[in-house]
Every structure is written in C-alpha cells, then in structure tokens.
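# Per-entry structural report
Here are the chains, one letter per residue:
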Amino acid sequence: LIWGDVGEGRHIRESLEKVGSTTLKSIRIIAEDDKWPLCVDEIRADNAALRQSERRDLEVAHGWCSSHISPNVHVKHDDPLTIHRKPIALSTDCARTKHGFSRGVHIFEISWPQKQRGTHAAAGVCTSSMPMQGEGYRSLVGADEFSWGWDFVNHNLQHDSHTTGIYPILRRVEIGDKISIPEKFLLILDMDAGTLSFASTTGEYYGVAFYGLQGHLYPVVSSVWGFCEIRLRYIGGTGDNVPSLLQLSRQKVRQSLGRKRLSHEYLSLLRIPHVLKRYLECHAR
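Residues numbered from 1 in each chain as written. Predicted model: local features only at pLDDT ≥ 70, side-chain atom pairs only at ≥ 80, totals over all residues. Heavy atoms only, no water.

### Focus on the overall build of the protein
Definition in use: In this description a helix means any DSSP run of H or I spanning at least four residues, a strand means any run of E spanning at least two, and both kinds are numbered starting from the N terminus. Note on exposure labels: buried denotes an accessible area under 20% of the residue type's maximum, exposed denotes more than 50%, and partly exposed covers the range between, all computed with a 1.4 Å probe on protein chains only. Any two residues having at least one pair of non-hydrogen atoms within 4.5 Å are treated as being in contact. In these tables, accessible area is a Shrake-Rupley quantity obtained with a 1.4 Å probe, and a residue counts as shielded only by the protein chains included in the view.
Within the protein one finds six helices and 16 strands. Evaluated residue by residue, the protein yields a buried proportion of 51% over its 285 residues. Taking contacts inside the protein between residues at least 6 apart in sequence as the whole, the part at least 24 apart equals 69%. Total accessible area computed for the protein in this model is approximately 13,700 Å², and 53% of it derives from carbon and sulfur atoms.

### Things to note about the pairing of strand 13 (residues 195–200)
How we decide: Strands were regarded as paired on the criterion that DSSP finds at least two bridges between them.
Of all the six residues making up strand 13, six are buried; the element is thus mostly covered by neighbouring parts of the structure. Side chains of strand 13 alternate between two faces, with Thr-195, Ser-197 and Ala-199 and Leu-196, Phe-198 and Ser-200 buried alike. Pairing of strand 12 (residues 184–190) with strand 13, which is carried by six bridges, proceeds in the antiparallel orientation. Bridging across to strand 13, Phe-185 finds its partner in Ser-200. Connecting the antiparallel pair strand 12 and strand 13 is a turn made up of four residues, with Gly-194 showing a positive phi of about 75°. Strand direction decides the pairing type here: strand 13 and strand 14 (residues 204–210), joined by four bridges, are antiparallel.

### Points about the pairing of strand 16 (residues 229–237)
Pairing between strand 4 (residues 79–85) and strand 16: three bridges, direction antiparallel. Paired with Ile-83 across the bridge in strand 16 is Ile-230. Pairing of strand 6 (residues 105–111) with strand 16, which is carried by six bridges, proceeds in the antiparallel orientation. Pairing of Ile-107 across the sheet is with Gly-236, part of strand 16.

### Here's the deal with the side chain of Thr-127
With respect to the element layout, Thr-127 can be found in the loop between strand 7 (121–126) and strand 8 (133–135). Judged by its relative accessible area of 18%, Thr-127 falls in the buried class. Residues within four places of Thr-127 in sequence aside, it is in contact with Phe-146, Trp-148, His-216, Leu-217 and Tyr-218.

### What about unusual backbone geometry?
Omega for the peptide link from Tyr-167 to Pro-168 comes to -10°, which places this bond in the cis form. Relative to the elements of secondary structure, Pro-168 occurs in the loop between strand 11 (162–166) and strand 12. Backbone geometry at Ser-161 places phi at a positive 70°, although glycine is not the residue there. Here Ser-161 shows up in the loop between strand 10 (156–159) and strand 11. With a relative accessible area of 46%, Ser-161 lands in the partly exposed category. The phi angle at Phe-227 is positive, at roughly 65°, despite the residue not being glycine. Summarising the element assignment, Phe-227 is placed in the loop between strand 15 (218–223) and strand 16. Its relative accessible area of 52% is what places Phe-227 among the exposed residues.

### Quick word on the pattern of salt bridges
Close approach of charged atoms allows side chains with opposite charge to pair. Heads up, the condition is: Salt bridge, as used here: a side-chain nitrogen of Lys or Arg that lies within 4 Å of a carboxyl oxygen of Asp or Glu.
For the structure on display, the rule yields six salt bridges. Glu-59 is the salt-bridge partner of Arg-233, the closest N and O atoms lying 3.2 Å from each other. One end of the pair, Arg-233, is in strand 16; the other, Glu-59, is in helix 3 (residues 52–61), with 174 residues separating them in the sequence. With its nearest N and O atoms 3.5 Å apart, the salt bridge here joins Glu-109 to Arg-233.

### Structural notes on the side chain of Asp-190
The cut-off we apply is this: Counted as a polar contact is a pair of N or O atoms within 3.5 Å, where, for protein atoms, one must be capable of donating a hydrogen and the other of accepting one, and residues adjacent in sequence contribute only when both atoms are in side chains.
Summarising the element assignment, Asp-190 is placed in strand 12. Engagement of the side chain of Asp-190 in a polar contact is seen with the backbone nitrogen of Asp-192, the distance being 3.0 Å.

### Details of the packing of aromatic side chains
Going by this rule: Note on ring pairs: Phe, Tyr and Trp rings are taken, using the six-membered ring of Trp, and paired if centres are within 6.5 Å. Classes follow the plane angle, with under 30 degrees stacked, over 60 edge-to-face and the rest tilted. We call a charge positioned over a ring when the NZ of a Lys or the CZ of an Arg lies within 6 Å of the ring centre and within 35 degrees of the ring normal.
The final tally for this structure, using the stated rule, is 12 aromatic pairs. Residues Tyr-167 and Phe-198 carry aromatic rings whose centres are separated by 6.0 Å and whose planes lie at 65° to one another, so their mutual orientation is edge-to-face. One end of the pair, Tyr-167, is in the loop between strand 11 and strand 12; the other, Phe-198, is in strand 13, with 31 residues separating them in the sequence. Ring-pair connections join several aromatic residues into one group, and the members of that group are Trp-112, Trp-150, Phe-152, Tyr-167, Phe-185, Phe-198 and Tyr-206. Its guanidinium or amino end placed over the ring of Tyr-218, Arg-96 lies 3.9 Å from that ring's centre, counting from NZ or CZ.

### Here's the deal with the nonpolar core
This is how it is decided: The definition of a nonpolar core used throughout is a set of buried Ala, Val, Leu, Ile, Met, Phe, Trp, Tyr and Cys residues joined through side-chain atoms within 4.5 Å.
Residues Ile-83, Ile-110, Trp-150 and Phe-198 are the most contacted members of the largest nonpolar core, which totals 36 residues. Those residues in contact with Trp-150 that sit more than four places away from it in its chain are Ala-121, Ala-122, Ala-123, His-155, Asn-156, Leu-157, Tyr-167, Pro-168, Ile-181, Phe-185, Phe-198 and Tyr-206. Counting residues in each nonpolar core, the second largest holds nine residues, with Cys-94, Ala-122, Cys-126 and Tyr-218 among its members.

### Concerning the environment of Lys-184
Examined against the element boundaries, Lys-184 turns out to sit in strand 12. Residues Lys-184 and Ile-110 lie 74 residues apart in sequence; the distance between their C-alpha atoms is 5.6 Å. Beyond its immediate chain neighbours, meaning those up to four positions away, Lys-184 contacts Glu-109, Ile-110, Ser-111 and Thr-201.

Here's what the structure looks like:
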C-alpha cells in the first residue's frame, strides 16, 4: 500500500460531498492543480440541523476507547474526547476509537498542539490486533501489518514497518519543501474506496495517503510526548443509512448545475420556491 497520484482519489471528492460539519468548508487541493474545489456542504447542512446534545452524543459514541489504549494514556474524565499521556520515558503510546468501520466515508477532526508532538507523532488506522504500546520513541502507527500511519512530524507514511513514501507531496513547490501541519486537521477514511487521506480544517486537501484498505479499521494515534493531550471529534459519515430521495435529488441537481452555478446570485434567478433554493445551497433541510 503506497501513496499514489491524488488524481486517482476522485472517489474521495465525490464521497466527501456527503460528509461534513460546521467546521468544514470547501476543500482546496494542494497536491494537484486547483481545478475543482471539493464541497462538503451536503452533510454539513444535516449535521448543523442536529441539536447540540445529539451532536455531542455522536462525538462521544465515536470517541476514544478506554479499554483499547496504552497503560500510559488515559481518557480525561472531564472531557471524554481528549486523551492524556503520562511522562513515561522511552515509550510510544497509542489510543484508538471505540468503533471501527468496514464501509462508508468517515471524517474525524484531530486536535494536537504542535508543541506536544515531539520527535514522532502519528495518526492513521488500525485493526483490533494492533498493540497500543511499544518501547522507544517511534511512530507506532504503521509499525506492523495491522496499522497504516502518517508521521506528520517527519512527513512519512508507514505500513508493516516500511516507509512507503513522503506525504503530502506538493507539486507547486520545490522538492523537499514541507508544509507545517496545523494544530487541527482531518482524518478521512473511505472504506467504500479503501482509502485513507488527510486535510486541514481550513480548506487544504493533502491527497490520498493509502489505497487498498480492507476489513474493519479504527482511527488511531501514537505519541511520545509527556503530558501530551490529543482531542478527537467525529465530524460525520456515511454508512448503513440509505440516503433519502430528497437528499439524492439535491445531490443530482447540484451535480447537474456545476459549482459555478451554485452561487447565491445564480440560484436566486431560478423560478423555484425560496425553500428549495436554500436547500440547494445546503443551508437547510
């Protein structure tokens, strides 16, 4: 499983139109020409329609698993979305989510302070067989056959203890240049296409990191920094739920119009009810 041409990952673009949150805006591709900004408004509208309590219940349900975690890490009692790593020397410690996925597209927002990353900080996916603790300081996600990881400090992809490439690869900068990964970024798992990718929360899509993923996989992180705190928030996803006829109709109309004609100015000229115009703009159900 190696990093490939992000042009091959067009299924991600299509699928992400179904997934989103109030923190997500149009995604700008930085690994290829900006020919098509990615819109994730489809489920942003549905997510925004949830009550705060419903959204919180969803986030906690897909949060950290306290029973599948390194003994040097614990889930904070006052914030079940955040883990805290103890200052243990010569140890790499992991945590994974409560629920894994075998189908659908799922997006998580990871909040990881830049000053708490140390020499190795990794995020990715794993099976239930991945160990949650290892000796020394390293990227444990991707260190065995049961996990696929991105060390975003060293910008390496890893699986089965092999480095499979540099990530992300930027095409419009000098070779060797790297970007600084912000405190908050997105993990995008598409089990329908078998891909894992990442993006910033401010509109930069980093491209597909891994292809060919199968089975039942869990988002996972590994850390080496003492007192490190990592927050994980489930943004939303598609899965077993069948889209409604209304949702499918909106998606088809939006695809037919094209992004340039989805502006408020253009839609206001259409001879359709105002409520339908707002629905096509993904402002309301």
